[in-house]
Amino acid sequence: MYDVAVIGTGIIGTFIARELSKYQLKILMIDKENDIANGTTMANSAIIHAGYDAKADKNKGKFNAPGNKMYEKLCDELDVPFKKIGSLVIGFDEEDQNTIKELYKNGLENDVEGMEILNKEQVLEMEPNLNDTVTGALYAPSAGIISPFEMAIALAENAMDNGAELILNSEVTDIKKVDNGYMLEIGDRKVEAQYVINCAGVYADHINNMVASSSFEIKPRKGHYFILDKSVGSLVNHVIFQCPSDKGKGILVAPTVHGNILIGPDSEFIDDKENLGTTAERLDFIRTMALKTTTQIPYHTIIRSFTGLRATADIGDFIIEESKEAKGFINVGGIESPGLSAAPAIAEYVVNLLKEISGGMEENENFIATRKKFIRFNELTDEEKAEVIKEDPRYGRVICRCETVTEGEIVDSIHRNAGATTVKGVKKRTRSGMGRCQGGFCSPKVVEILARELGEEMININLDSLDSYILTGKTKENDLYKQ
Amino acid sequence: MTYDIAVIGGGPAGLAAAIEAKKNGVNNILVIERDRELGGILQQCIHNGFGLHVFKEELTGPEYAQKFIDELRKEGIEYKLDTMVLDISEEKEIKVVNTKDGFMSINAKAIVLAMGCRERTRGAISIPGQRPSGIFSAGTAQRYINMEGYMVGKRVLILGSGDIGLIMARRLTLEGAEVLAVAELLPFSGGLTRNIVQCLDDYNIPLLLSHTVVDVIGKDRLEGVTVAKVDNQFKPIPGTEIHYECDTLLLSVGLIPENELSESAGIEIDPVTKGPKVNEAMETAITGIFACGNVVHVHDLVDFVTEESRRAGKNAAKFVKNQLSNEGDIISTKAEDGIAYIVPQVIRLENIEEHLDLFMRVRTVYKDASLIIKADGEVIKRIKKRHLAPGEMEHIQIKRSDFNADKIALLTVEVEVKGGEDE
């Protein structure tokens, strides 16, 4: 019997699990995917918003700015890359200028620090590559960029360091009310937990409906993105938003925390929660729309395009509450933008809510806030590089040449808590295969290392899900040679 | 650590350059190779057809490489395997790591860049659709099959008719897979004619010219690919879609010289070749740093890589011995009508002994055309060609004596069409 079962290991589930692990609780994290952070957390704009956008009377407005303020310390504790580079909402006409003023006012209400309204000259001085038809901007220095899935992985790892358990490839197929809690059916397995926290992303409605009548619906919105090569990473230095208008929210152009440029997203409601396919039309659309921000975008340096789903709830706000029909069952649903920014504040709120519901929780005196440092070879000085190789020669073998990822890092990523078991898992943790050759050279070597470290055959190593096999067998095993 | 010459890359280019430098009197040479053995990509090219020009016989890739590896060993040239160059500077300081020596800083009098090239990816050409497993670049699949001994799929569609794509169509067929078709965006193949015949025609594999992949289906493993015909703007034509059920998509959509290190040293890159601009000695814009092979421009035959790399190695040796003239008139080369690029980009007449070698690719397919070489606008040579294609590198030799004027600033090459552009 677990005290708390957290369904979903995206940024919300992992933040909550880690926050819960500060207390003496038996915690279980459950995900239907083969890895932490495979859904919305894997593919989004990776921005920690300042918090001027949403209204103060909405959960979105309430949790964003406080969440933003918590990130620096958290990223420091958990050794996750984070850069507070600031954001600009740029305008091109009078209507935009009015929007900028409104955003500024709303930001003040939400307690956003350091905002400034900039004129054309100030904007262009900060961002010389912007379209010179820009008329002004809202500058918010507290906005930052992060790697969302690395954050979620770090949180899960830290929660596990503090005693939480994790089961992957485990889809919750039913939940039944039992004495003193719930019984979760996970395929053939049954798991009991006193409290359940539903962080199932685009499936949060589905999970809710297992214990209560339908009180909300998640209608996912798909967004397309491009990633540009690191060689053009200095195209912009801040997160650049276009002014939202009645035509839409506009396309953003932003540096990523690893030095690439991210362009996107568009927005399109979809029915199939599993289809993450891109379409040529949508890619063309964001390509064209982003040119409004800057005409200097070197599209020939695109290294990848992808889509992400936002878990949009029909009520238009975050749902963070105990189910009215199911005691001890907390829904954390509809966490679309600024969900990543709000996540740490949401987690704190949810844990306090659980404290109230449960009538108090004992603190975990052995809680460790930090996790073991992850050696990122590429970021070390020459002396540090020499030192780590001396200690572990595997750091002297570069596996991913584009991102300079060593065998030492890959082995480490496999053997940690919540470690990698797939090629994509290694990629998320080490960046191996994230570069301009997109794994062309390193993937066979990563497969080999995974097989070796996990004691598996190479043919059993998957790209991602259990059915995403890479190799189909050994050569010389076909009919041609059997004759 | 100090060497006279450091060669970065132990593939065919690096090996030929190192051997040639040694033969030209430089002894203190180091070859740095990032993979576990010498030979580079040749080690995974187990098909034959290598060496017809250099050795007058048909060898496999590993056989071709072995001849150079043996010679390198015979010459006693030092090499480091499983060793990665992290950075090179303009001052020719090279930062290197491996598991045995750890972090090293190497100084060289001359550097030869021979890092080869990499494959363009799905991302680079923004192929839409889902992101299942089963999508490989052709070279990655080749490594799995030929070096690791694993198969990558059973029913395969190949996008791109470059040589690797064509070779892999045959290779997969021989390993028992079914290759459904090779789709090619352009109205002509990017591969050598002999490969189209020997790898597709011989196995009845259809080549769909002016076609591309417009959708990729499958959440976990690839389930299918939709291919459509494209118009002359390369836009897919609605209604022409063909769906293929397959578990594997191979991409052979172009090679790009790997010049991250060159750029870190501040070497000027030609925007067309994506390789360093070089002179007749294969020297880059930084004195004493030479480049050869696919890192300069993508070659279709390894024999040409060898010839070019020997030139680089010889000149690097001359440089170390202070025998390479830094002087002389500088001629720029310029690709005119129908020509995509020319290597070398600059020429110092002083260093031309008997003849000048120009390498280039045409932009499209031509029949019965001529290559016109002009010095400062004046025709100095005209070469008739029955067939010109972007997949086949053109090589022009100009005798030193053909340069009749004393001073020339610009050498141009253009295609003169007589028979008209071929479809």
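Residues numbered from 1 in each chain as written. Chains lettered and ligands numbered in written order. Predicted model: local features only at pLDDT ≥ 70, side-chain atom pairs only at ≥ 80, totals over all residues. Heavy atoms only, no water.

**Things to note about the overall build of chain A**
- Within chain A, the secondary structure is distributed over 13 helices and 23 strands.
- The C-alpha radius of gyration of chain A comes to 23 Å, within 12% of the 23 Å expected for a compact globule of 483 residues.
- Along the first, second and third principal axes, the C-alpha set of chain A runs to 70 × 60 × 50 Å.
- By the burial criterion, 63% of the 483 residues in chain A qualify as buried.
- Looking at chain A alone, contacts between residues at least 24 apart form 72% of all its contacts between residues at least 6 apart.
- Total accessible area on chain A is roughly 19300 Å²; 48% of this is exposed by carbon and sulfur atoms.
- Charge separation in chain A, taken as the distance between the mean sites of 55 positive and 75 negative side-chain charges, equals 3 Å. (Helix = DSSP H or I, 4+ residues; strand = E, 2+ residues; numbered from the N terminus. Rg over C-alpha atoms; globule rule 2.2 N^0.38 Å. Buried < 20%, exposed > 50% of the residue type's maximum accessible area, 1.4 Å probe, protein only. Contact = heavy atoms within 4.5 Å. Areas by Shrake-Rupley, 256 points an atom, 1.4 Å probe, with all protein chains shown as cover. Lys, Arg positive; Asp, Glu negative; His and termini not counted. Charge placed at Lys NZ, Arg CZ, Asp CG, Glu CD.)

**Side note on the packing of aromatic side chains**
Residues and elements named next belong to chain A.
- Within this structure, the stated rule accounts for eleven aromatic pairs over all chains.
- On the numbers, 5.2 Å between centres and 70° between planes, the contact of Phe63 with Tyr349 is edge-to-face. Within this pair, whereas Phe63 is found in helix H2 (residues 59-78), its partner Tyr349 is found in helix H8 (residues 339-358), the two being separated by 286 residues in sequence.
- You can call Tyr349 partly exposed: its relative accessible area is 31%.
- Between the aromatic rings of Tyr71 and Phe82, the centroid separation amounts to 6.1 Å while the plane-to-plane angle is 25°, which identifies the pairing as stacked. Residue Tyr71 is located in helix H2, and its partner Phe82 is located in strand E4 (residues 82-83); the two are separated by eleven residues in the primary sequence.
- On the basis of relative accessibility, which here comes to 17%, the residue Phe82 falls in the buried class.
- When the ring centre of Tyr182 is taken as reference, the NZ or CZ atom of Lys177 above it lies at 4.6 Å.
- A cation over an aromatic ring shows up here: Lys385 above the ring of Phe377, its NZ or CZ 5.5 Å from the ring centre. (Phe/Tyr/Trp six-rings, centres within 6.5 Å; stacked < 30°, edge-to-face > 60°. Lys NZ or Arg CZ within 6 Å of the ring centre and 35° of its normal.)

**Let's talk about the side chain of A:Arg416**
All names here are of chain A.
- The residue Arg416 is located in the loop between helix H10 (407-415) and helix H11 (423-430) in this model.
- Polar side-chain contacts of Arg416 include one of 3.0 Å to the backbone oxygen of Lys372.
- Those residues in contact with Arg416 that sit more than four places away from it in its chain are Glu157, Arg371, Lys372, Lys373 and Phe374. (Polar contact = N/O pair within 3.5 Å; in protein donor to acceptor, adjacent residues only side chain to side chain.)

**Thoughts on the sheet that holds strand E24 (residues 355-362) of chain B**
Residue and element names in this part refer to chain B.
- One open sheet holds the three strands; their spatial order is E22-E24-E27, and the pairing between them is antiparallel. Each having just a single partner strand, strand E22 (339-343) and strand E27 (394-399) make up the two edges of the open sheet. The sheet shows a mean angle of 30° between the axes of neighbouring strands, direction not considered.
- As paired elements, E22 and E24 share four bridges and run antiparallel to each other. Considered in E24, the bridge of Ile342 is made with Met360. (Pairing = 2+ DSSP bridges. Axes fitted to C-alpha atoms, helices over the stretch in contact; angles between N-to-C directions.)

**Details of the environment of B:Leu301**
Residue and element names in this part refer to chain B.
- Of note, Leu301 is situated in the loop between strand E20 (289-291) and helix H7 (302-320).
- In this structure Leu301 comes out as buried when scored by relative accessible area, which is 13%.
- It is 10.0 Å that separates the C-alpha atoms of Leu301 and Asp163, two residues lying 138 residues apart in sequence.
- Sequence-distant contacts of Leu301, defined by excluding residues within four places in its chain, comprise His53, Leu192 and Arg194.

**Notes on the pattern of salt bridges**
All names here are of chain A.
- Summed over all chains, the structure comprises 65 salt bridges over all chains.
- Linking Glu157 and Arg416 is a salt bridge whose minimum nitrogen-to-oxygen distance equals 2.5 Å. Of this pair, Glu157 sits in helix H5 (residues 148-161) while Arg416 sits in the loop between H10 and H11; the two residues are 259 residues apart in sequence, bridging distant segments of the chain.
- Since its relative accessible area comes to 9%, Arg416 is described here as buried.
- Linking Glu407 and Arg397 is a salt bridge whose minimum nitrogen-to-oxygen distance equals 2.4 Å. Placement of Glu407 in helix H10 and of Arg397 in the loop between helix H9 (382-391) and strand E21 (398-400) is noted, with a sequence separation of ten residues between them. (Salt bridge = Lys/Arg side-chain N within 4 Å of Asp/Glu carboxyl O.)

**Comments concerning the interface of chain A and chain B**
- Across the contact, 56 residues belong to chain A and 50 residues belong to chain B.
- In total, about 4300 Å² of surface goes out of reach between chain A and chain B, with carbon and sulfur atoms giving 54% of it.
- Here A:Arg436 ties to B:Glu260 by a salt bridge, and the two come within 2.9 Å at their closest N and O atoms. (Buried area = accessible area lost by both parts, 1.4 Å probe.)

**So, unusual backbone geometry**
- Cis geometry marks the peptide bond from A:Ser337 to A:Pro338; its omega dihedral reads 0°.
- Within the secondary structure layout, A:Pro338 lies in the loop between strand E20 (329-333) and H8.
- Note the cis peptide between B:Val343 and B:Pro344, where omega equals 5°.
- Mapping B:Pro344 onto the fold places it in the loop between E22 and strand E23 (346-348).
- One non-glycine residue, B:Asp376, lies in positive phi territory at about 45°.
- Relative to the helices and strands, B:Asp376 resides in the loop between strand E25 (366-375) and strand E26 (378-388).

**Focus: the side chain of B:Ser161**
All names here are of chain B.
- Mapped onto the secondary structure, Ser161 falls in the loop between strand E12 (155-159) and helix H4 (163-174).
- Given a relative accessible area of 0%, Ser161 falls into the buried group.
- In this structure the side chain of Ser161 is engaged in a polar contact, spanning 3.2 Å, whose partner is the backbone nitrogen of Gly190.
- In contact with Ser161, not counting residues within four places along its chain, are Leu166, Val182, Ala183, Glu184, Phe188, Ser189, Gly190, Gly191, Leu207 and Ser252.

**Re the environment of B:Glu93**
Residues and elements named next belong to chain B.
- Within the fold, Glu93 resides in strand E7 (residues 93-98).
- Separated by 91 residues in the primary sequence, Glu93 and Glu184 place their C-alpha atoms 43 Å from one another.
- Excluding residues within four positions of it along the chain, Glu93 makes contact with Asp87, Ile88, Ser105, Ile106 and Asn107.

**Looking at the sheet that holds strand E13 (residues 178-184) of chain B**
Residues and elements named next belong to chain B.
- Strand order in this open sheet of five strands is E10-E18-E12-E13-E14, and the pairing throughout is parallel. Each end of this open sheet is capped by a strand with a single partner; those strands are strand E10 (135-137) and strand E14 (207-209). Across the sheet, the mean angle separating the axes of adjacent strands is 20° when strand polarity is ignored.
- Bridge analysis of E12 against E13 gives five bridges, and the strand direction is parallel. Of the residues in E13, the one forming a bridge with Leu157 is Ala181.
- Lying over the sheet, helix H3 (residues 138-148) contacts E10 and strand E18 (248-251), oriented at roughly 90° with respect to E10.

**Notes on a negative patch on the surface**
Residues and elements named next belong to chain A.
- On the surface, Asp93, Glu94, Glu95 and Asp246 cluster together into a negatively charged patch.
- In this fold, Asp93 is placed in the loop between strand E5 (87-91) and helix H3 (94-109).
- The partly exposed category is assigned to Asp93, whose relative accessible area is 38%. (Patch = residues over 30% accessible without salt bridge, like charges linked within 9 Å, V, L, I, M, F, W, Y side chains within 5 Å.)

**Some thoughts on the pairing of strand E15 (residues 252-255) of chain A**
Residues and elements named next belong to chain A.
- Where burial is concerned, the two faces of E15 agree: the one with Leu252 and Ala254 and the one with Val253 and Pro255 are both buried.
- With four bridges joining them, E15 and strand E16 (residues 261-264) adopt antiparallel strand pairing. Of the residues in E16, the one forming a bridge with Leu252 is Gly264.
- Taking the residues between adjacent antiparallel strands as the criterion, E15 and E16 are bridged by five residues, where Gly259 takes a positive phi near 95°.

**Some remarks on the pairing of strand E8 (residues 102-113) of chain B**
Residues and elements named next belong to chain B.
- Along E8, nine of the twelve residues are buried, which leaves the element largely enclosed by surrounding structure.
- Summarising the sheet, strand E1 (residues 2-8) and E8 pair through six bridges and their orientation is parallel. By the bridge assignment, Val7 is partnered in E8 with Val112.
- Of the strand pairs in this sheet, E7 and E8 are connected by six bridges, and their pairing is antiparallel. Within E8, the residue paired with Glu93 across the bridge is Asn107.
- A loop of three residues connects E7 with E8, the two strands running antiparallel in sequence.
- Inspection of the sheet shows E8 paired to E20 by three bridges, in the parallel sense. Bridging from a neighbouring strand, Ile111 pairs with Ile289 of E20.

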